[in-house]
Amino acid sequence: MNTGVKITAYAAALAATFGAAYGVGTGVGPVEEPKKAGHGDHAAAPSKSAGDGHAGHGEGASTEAPAAAANLPGGLQVSDGGYTLALETPTPATGRSVLKFSIKDAAGRKVTAFTTEHGKELHFIVASRDLNTFRHLHPVKAADGTWTTPVDLPAAGGYKAFADFKPAAKGAKGITLGADISVPGAYAPRPMPAVAPTADVDGYQVRLGGTLDPGKAGELRLTVTKAGKPVTDLEPYLGAYGHLVALRDGDLAYLHVHPNEGGPGPDVSFTATAPSAGTYRLFLDFQHEGKVRTAAFTVTAGAGKATAPAPEATVPAAGEATDDAGEHTHG
């Protein structure tokens with residue numbers, strides 16, 4: 001069992017991105033019921049290489065980003081570092097539909113060349129503003145730079161799409177862009193799921209332990225069991241035994257972390273730093289017996305307590321998605 005997963009590259013990027021936020025929070029909070037229902041932030045999955053992380057953490061790309069953008073978390077801007085997330089389908093219908101988008105450079109041209117990170121040229125996440133719905137999608141890129149992916153959005157309301165990528169341009173860095181999606185129809189927001197130490201997912205139980213601290217690195221440890229027995233043969237997913245995305249309540253600031261060590265379970269460990277005190281939603285993707293499941297947790301950081309977990313989870317059936325679970329489509 002590996003518990004010391006380091007993400008030095010992510011920590012460095014986070015330190016630069018959230019420099020202004022570091023030091024403003026109190027010691028990290030425990031598994032504790034949030035005072036208000038909120039809209040958490042996303043987190044990401046683990047990787048086997050030390051210091052690895054998905055492309056985007058609010059870093060600039062090939063063009064130097066404005067000074068004001070340097071202090072923002074990833075995913076809060078539709079344009080950054082000379083790149084823009086251009087949604088061609090910003091108002092999809094409720095239910096099964098297709099999303100199309102592209103990444104454009106400073107000249108307005110569609111970017112066609114990306115660096116492969118964790119098995120993909122681009123990682124695409126869609127989450128509802130109330131953080132009850134989470135989709136980890138794998139879009140297909142056309143020769144002209146247009147990306148396409150099916151998606152199931154179960155209800156009307158506001159969603160946010162995140163594109164996490166690294167352009168192949170010389171000197172380009174990883175970047176995460178975010179854009180709003182609106183699904184027409186009657187909208188009834190749901191409250192944030194309650195804090196809890198375990199999540200039941202498709203016959204599996206995932207327990208979250210550790211701390212999420214504002215401005216301070218802490219370990220998040222997730223243990224997977226089935227029928228009361230440890231799962232010791234987790235399968236690699238995107239080059240790791242787990243993939244964790246964290247989203248901050250309110251603005252959906254995006255944190256993506258990846259463990260760089262560890263065996264095939266039952267424990268998957270991450271080191272992460274919250275940019276500020278507050279409520280977060282964590283989404284863990286793990287694969288077993290050929291199927292990816294998603295466990296979701298609500299966590300409070302900066303509550304001045306000793307521990308910091310809190311979950312609620314759902315999972316899609318093979319090839320399908322449920323209301324709260326992560327949908328996984330592959331191209």
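Residues numbered from 1 in each chain as written. Predicted model: local features only at pLDDT ≥ 70, side-chain atom pairs only at ≥ 80, totals over all residues. Heavy atoms only, no water.

(A) Looking closely at the overall build of the protein. Helices and strands together make up the secondary structure of the protein, namely one helix and 20 strands. For the protein, the proportion of its 331 residues judged to be buried stands at 56%. By sequence separation, contacts in the protein at least 24 residues apart represent 73% of the contacts at least 6 residues apart. (Helix = DSSP H or I, 4+ residues; strand = E, 2+ residues; numbered from the N terminus. Buried < 20%, exposed > 50% of the residue type's maximum accessible area, 1.4 Å probe, protein only. Contact = heavy atoms within 4.5 Å.)

(B) Structural context of the pairing of strand E11 (residues 198–201). With burial as the criterion, only one face of E11 is covered, namely that bearing Ala 199 and Val 201; the residues Thr 198 and Asp 200 on the opposite face remain uncovered. Pairing of E11 with strand E12 (residues 204–210) involves four bridges; the strand directions are antiparallel. The residue of E12 that forms the bridge with Asp 200 is Gln 205. (Pairing = 2+ DSSP bridges.)

(C) Here's a closer look at the nonpolar core. With 28 residues, the main nonpolar core has Val 206, Leu 212, Leu 282 and Phe 297 as its most contacted residues. Elements with a minimum of two residues in this core: E11, E12, strand E13 (218–226), strand E15 (243–248), strand E16 (254–257), strand E17 (267–272), strand E18 (278–288) and strand E19 (291–301). Not counting residues up to four positions away in its chain, the partners in contact with Val 206 are Pro 197, Thr 198, Ala 199, Leu 222, Thr 223, Val 224, Leu 284, Phe 286, Ala 295 and Phe 297. (Core = buried A, V, L, I, M, F, W, Y, C linked by side-chain atoms within 4.5 Å.)

(D) Main features of the environment of Pro 150. Residue position: Pro 150 is located in strand E8 (residues 146–153). Put simply, Pro 150 and Val 140 are ten residues apart on the chain and 9.8 Å apart in space, counted from C-alpha to C-alpha.

(E) Representation of the packing of aromatic side chains within the structure. A complete count under the given rule lists eight aromatic pairs for this structure. With 5.7 Å between their ring centres and 70° between their planes, Phe 114 and Trp 147 make a pair best called edge-to-face. In this pair, Phe 114 is assigned in the loop between strand E4 (95–104) and strand E5 (122–128) and Trp 147 in strand E8, connecting sequence segments 33 residues apart. Here the aromatic rings of Tyr 204 and Phe 286 are separated by 5.7 Å at their centres, their planes lie at 70°, and the arrangement is edge-to-face. Residue Tyr 204 is found in strand E12, and its partner Phe 286 is found in strand E18; the two are separated by 82 residues along the sequence. For the pair Tyr 204 and Phe 286, one class covers both residues: buried. Put simply, the rings of Tyr 83, Phe 101, Phe 114, Phe 124, Trp 147 and Phe 165 touch in pairs and so form one group of aromatic residues. (Phe/Tyr/Trp six-rings, centres within 6.5 Å; stacked < 30°, edge-to-face > 60°.)

(F) Representation of the environment of His 118 within the structure. Structurally, His 118 is set in the loop between E4 and E5. Counting along the chain gives 122 residues from His 118 to Ala 240, while the straight-line C-alpha distance between them is 8.2 Å.

(G) Examining the confidence of the model for the protein more closely. Summary statistics for the protein give a mean pLDDT of 77 and a share of 69% for residues scoring 70 or more. When the criterion is pLDDT under 50, residues 1–68 qualifies, and its contacts beyond four places in sequence or with other chains add up to 282 contacts. Per-residue pLDDT stays below 50 along residues 304–323; that stretch engages in 96 contacts with residues further than four places along the chain or on separate chains. (pLDDT = per-residue confidence, 0-100.)

(H) Spotlight on the pattern of salt bridges. One pass over the full model with this rule turns up ten salt bridges. Between Arg 109 and Asp 105 there is a salt bridge whose closest N-O contact spans 3.0 Å. Using a relative accessible area of 54% as the deciding quantity, one classes Arg 109 as exposed. By sharing partners, the salt bridges in this structure join Glu 88, Lys 110 and Asp 144 into a single network. (Salt bridge = Lys/Arg side-chain N within 4 Å of Asp/Glu carboxyl O.)

(I) Spatial organisation of the sheet that holds E4. Spatially, the five strands line up as an open sheet ordered E2-E3-E4-E8-E7, and their pairing is antiparallel. At either end of the open sheet lies a strand with only one pairing partner, and these are strand E2 (79–80) and strand E7 (140–141).

(J) Region of interest: the side chain of Ser 97. Take Ser 97: it is sitting in strand E4. Here Ser 97 is in contact with Pro 92, Thr 149, Pro 150 and Val 151, once residues within four sequence places are set aside.

(K) View of unusual backbone geometry. The peptide bond linking Gly 265 to Pro 266 adopts the cis configuration, its omega dihedral lying at 5°. The residue Pro 266 is located in the loop between E16 and E17 in this model. Even without being a glycine, Asp 202 presents a positive backbone phi close to 55°. Along the polypeptide, Asp 202 turns up in the loop between E11 and E12. Take Asp 202: its relative accessible area is 38%, and that puts it in the partly exposed class.

(L) Seen up close, the environment of Ser 276. In this fold, Ser 276 is placed in the loop between E17 and E18. By relative accessible area, Ser 276 is classed as buried at 15%. In the structure, Ser 276 is positioned 63 residues away from Asp 213 in sequence and 8.0 Å away in space, judged by C-alpha atoms. Apart from residues lying up to four places away in sequence, Ser 276 is in contact with Pro 214, Arg 248 and Ala 301.

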